[in-house]
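One-letter residues, chain by chain:
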Amino acid sequence: MIETYGIDIFDQISIADAICITTNCSTYMQNNNIINPMGALAGAAASRWQEIPTIYGNQIFQSGAVPVILGFISKQDNSIFANFNSHLEKFSITNKNFTALIAFPTMYKIGEPASLSLIKRSAELLAEMINNISNDSNLAWNKIYLGAPGIGVGGLKYNDVKNIISPILDDRFIVMQK
């Protein structure tokens, strides 16, 4: 795991294989859609791509509190292609013109503290996902940016989180602190 400071994760889209936004796992219904109320880093992503709370809300409902690919961001114009079907996912995973946007769960409910056990599980599943993508597509993902999980709104201390995730995430993962 590589650590960096003072860099905006969204400025890394043009060079990243994936960017991971830390999220909560809360949902609510609005206009027959399952919505995830996003705050902090996920809220910044939602302000850029308005469909993200609905996409993630539906994926939480289907998959639970696990890292998921929300969509693929064009490196040319920063538009997003939502991950609604596996055809788009397979195309985008092997296309270096896109950066994957991945949800990384850190807390079960918005407003509650982040969970170290959920962060550990998310790190394990994220590492497994990246390994599977690299093995399946013969296209290694080597730059995966992750906002420091649980230390903002989640209220955790970075050293506590670092001690849990650093043995799991190798040097393909760049953890960003403000």
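On a predicted model such as this, the values are computed, not experimentally measured, just so you know.

Moving on to the sheet that holds strand S8 (residues 144-147). Spatial strand order, S1-S9-S8-S2-S7-S5-S6: 7 strands in an open sheet with mixed pairing. Edge positions in the open sheet fall to strand S1 (2-5) and strand S6 (80-82), since each of these has one partner strand only. Across the sheet, the axes of successive neighbouring strands diverge by a mean angle of 30°, strand direction being ignored. In this sheet, strand S9 (residues 173-177) lies alongside S8 in parallel orientation, the contact comprising 4 bridges. The residue bridging Ile144 from the neighbouring strand is Phe173, located in S9. Together, strand S2 (18-24) and S8 form the strand contacts of helix H1 (residues 40-48), whose direction differs from that of S2 by roughly 115°. Seen against the sheet, helix H2 (residues 52-63) touches S2, strand S5 (68-74), S6 and strand S7 (98-107) and runs at an angle of roughly 150° to S5.

Glancing now at the nonpolar core. Formed by 28 residues in total, the largest nonpolar core has its most connected members in Phe10, Ile19, Ile21, Trp49, Leu70 and Leu101. Elements represented by at least two residues in this core include exactly S2, H1, H2, S5, S6, S7 and S9. No other element matches the 4 residues that H2 contributes to this core. Residues in contact with Leu101, not counting those within four places in the same chain, are Ile19, Ile21, Trp49, Ile52, Val68, Ile69, Leu70, Gly71, Ile73 and Ile80.

Each pocket or cavity is described by its volume, and for the largest pocket that value is around 520 Å³. Along the walls of the largest pocket sit 27 residues, with Thr22, Ala40, Leu41, Ala148 and Gly152 positioned nearest its centre. Counting only elements with at least two residues in the lining of the largest pocket, the list comes to S2, H1, S7 and S9. No other element matches H1, which puts 4 residues into the lining of the largest pocket.

This part covers the pattern of salt bridges. Scanning all chains against the criterion turns up 2 salt bridges. Its salt-bridge partner being Lys162, residue Glu3 comes within 3.1 Å of it at the nearest N-O pair. Here the residue Glu3 occupies a position in strand S1, and Lys162 occupies one in helix H5 (residues 158-165), the gap between them amounting to 159 residues. With its nearest N and O atoms 2.9 Å apart, the salt bridge here joins Arg172 to Asp170.

Cut-off values and rules
Residues numbered from 1 in each chain as written. Predicted model: local features only at pLDDT ≥ 70, side-chain atom pairs only at ≥ 80, totals over all residues. Heavy atoms only, no water. Pairing = 2+ DSSP bridges. Helix = DSSP H or I, 4+ residues; strand = E, 2+ residues; numbered from the N terminus. Axes fitted to C-alpha atoms, helices over the stretch in contact; angles between N-to-C directions. Contact = heavy atoms within 4.5 Å. Core = buried A, V, L, I, M, F, W, Y, C linked by side-chain atoms within 4.5 Å. Buried < 20%, exposed > 50% of the residue type's maximum accessible area, 1.4 Å probe, protein only. 1 Å grid on protein atoms, 1.4 Å probe; cavity = no way out; pocket = protein on both sides within 12 Å on 5 of 7 lines; lining within 4 Å. Points joined across faces, edges and corners; volume = space filled by probe spheres on them. Salt bridge = Lys/Arg side-chain N within 4 Å of Asp/Glu carboxyl O.

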